Amino acid sequence: MARDIDISLIRSFLAVVDTGSVTTAARVVGRTQAAVSQQLKRLEDLLETDLFLREHKRISLAPAGELLLEPARRMIAMNDEMYGMMTTPSYNGEVRLGIPMDVVPTYAPSILRRFAQTWPQVRVQLVSENTADLLEMLDSGSLDVTLTTERALSGPHGETLRRDLLVWTGAPDSDAHLRDPLPLSIGQMECRFRPAVLERLREEGRPWRLVFEVGAQEAQNAVVAAGLAVSASMKDSVPPELRILGESSGLPALPEFEINLYLPKSGATELGAELARVIRLEFEMRFGDVNRGRPQPQPMTPRRRTAADRTAA
């Protein structure tokens, strides 16, 4: 006899998988740690198998959990799609999001996907530029919210979501890091990584030459992948075709950078504030909250369609 599976059990299961922690998963799903632990036990009892391996305060997927993972994601996606189809948010329109070009592939897809699941009628205009230009666009009113990559916050209206190490990158089979002078593929003057890279090379007395100087990260990476130069990237954003050049490469260690979130100084729009909430949630699910203890704004609740809405449609 078939039995129904409570969708909330599946959602908590995926939250634990995605965050690697029952504690963090509890914050994501809005429950206590004890409640999430109880949900996992209920799901394991229902399926009559262990879904997780628990050793020395660490939790990882058991074989049965790995088997459940993809069907669970499809189940949640179908649930959210059905809900979005049958309800109409009380907000529609457009919201403008800025993301530095060097971290677009790492963060933009998951942020846009999560926002669209809740607000399918809202169009997100994505603007990809360097951090300096994005902050100017935010101040001028051309953006509603922006992410930046910086050594530190630029003002009190920003908040740090992630701290990540700047690392050297090279092609797997290249010896470009051994050449003298060191060939560099790097951003233009506005790039926030550029002064950090050149400062460390000067401190080490390492001669260098510019092989390629352009703002587009994809173009920089293409030169590096060809074995013509080395470059620098946030560690979380190193593309798979490149390798991280560690201490053994002889290159000087690079500093830590922050991924920061900014809303307009004059105040956020309702859609801008909701997009910022979604961005915070995405980073917390992936990395934990680096600003734990900061009050979180409450999400807006979609309004259920009424008979009048359906008639008007």
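1. Some remarks on a nonpolar patch on the surface
(1) Moving on: Together, I5, L47 and M75 line one region of the surface with nonpolar side chains, adding up to about 190 Å² of accessible area.
(2) Moving on: On the basis of relative accessibility, which here comes to 30%, the residue M75 falls in the partly exposed class.

2. Let's talk about the pairing of strand β3 (residues 93–100)
(1) Moving on: The pairing of β3 with strand β4 (residues 122–129) spans eight bridges and is parallel. Residue V95 lies in a different strand from β4, and its bridge partner there is V124.
(2) Moving on: With helix α5 (residues 104–118) bridging β3 and the parallel β4, this β-α-β connection has right-handed handedness.
(3) Moving on: Where β3 meets strand β5 (residues 145–150), two bridges bridge the pair, whose relative direction is parallel. Pairing of L97 across the sheet is with V145, part of β5.

3. Focus: the packing of aromatic side chains
(1) Moving on: Here the structure, examined in full by the defined rule, presents five aromatic pairs.
(2) Moving on: Look at Y107 and F287: their rings are 6.3 Å apart centre to centre, the planes differ by 70 degrees, and that puts the pair in the edge-to-face class. One end of the pair, Y107, is in helix α5; the other, F287, is in helix α9 (residues 270–287), with 180 residues separating them in the sequence.
(3) Moving on: On the accessibility criterion, Y107 (1% relative accessible area) is buried.
(4) Moving on: According to the relative accessible area criterion, F287 is partly exposed, its value standing at 28%.
(5) Moving on: Taking 6.0 Å as the distance between ring centres and 50 degrees as the angle between the ring planes, the aromatic pair formed by F283 and F287 counts as tilted. Remark: F287 and F283 occur in helix α9; sequence separation between them is four residues, near one turn of the helix.
(6) Moving on: Against the face of F287 rests R162, its NZ or CZ located 3.9 Å from the ring centre.

How each quantity is defined
Residues numbered from 1 in each chain as written. Predicted model: local features only at pLDDT ≥ 70, side-chain atom pairs only at ≥ 80, totals over all residues. Heavy atoms only, no water. Patch = residues over 30% accessible without salt bridge, like charges linked within 9 Å, V, L, I, M, F, W, Y side chains within 5 Å. Areas by Shrake-Rupley, 256 points an atom, 1.4 Å probe, with all protein chains shown as cover. Salt bridge = Lys/Arg side-chain N within 4 Å of Asp/Glu carboxyl O. Buried < 20%, exposed > 50% of the residue type's maximum accessible area, 1.4 Å probe, protein only. Pairing = 2+ DSSP bridges. Helix = DSSP H or I, 4+ residues; strand = E, 2+ residues; numbered from the N terminus. Right-handed = clockwise from strand over helix to strand, strands pointing away. Phe/Tyr/Trp six-rings, centres within 6.5 Å; stacked < 30°, edge-to-face > 60°. Lys NZ or Arg CZ within 6 Å of the ring centre and 35° of its normal.

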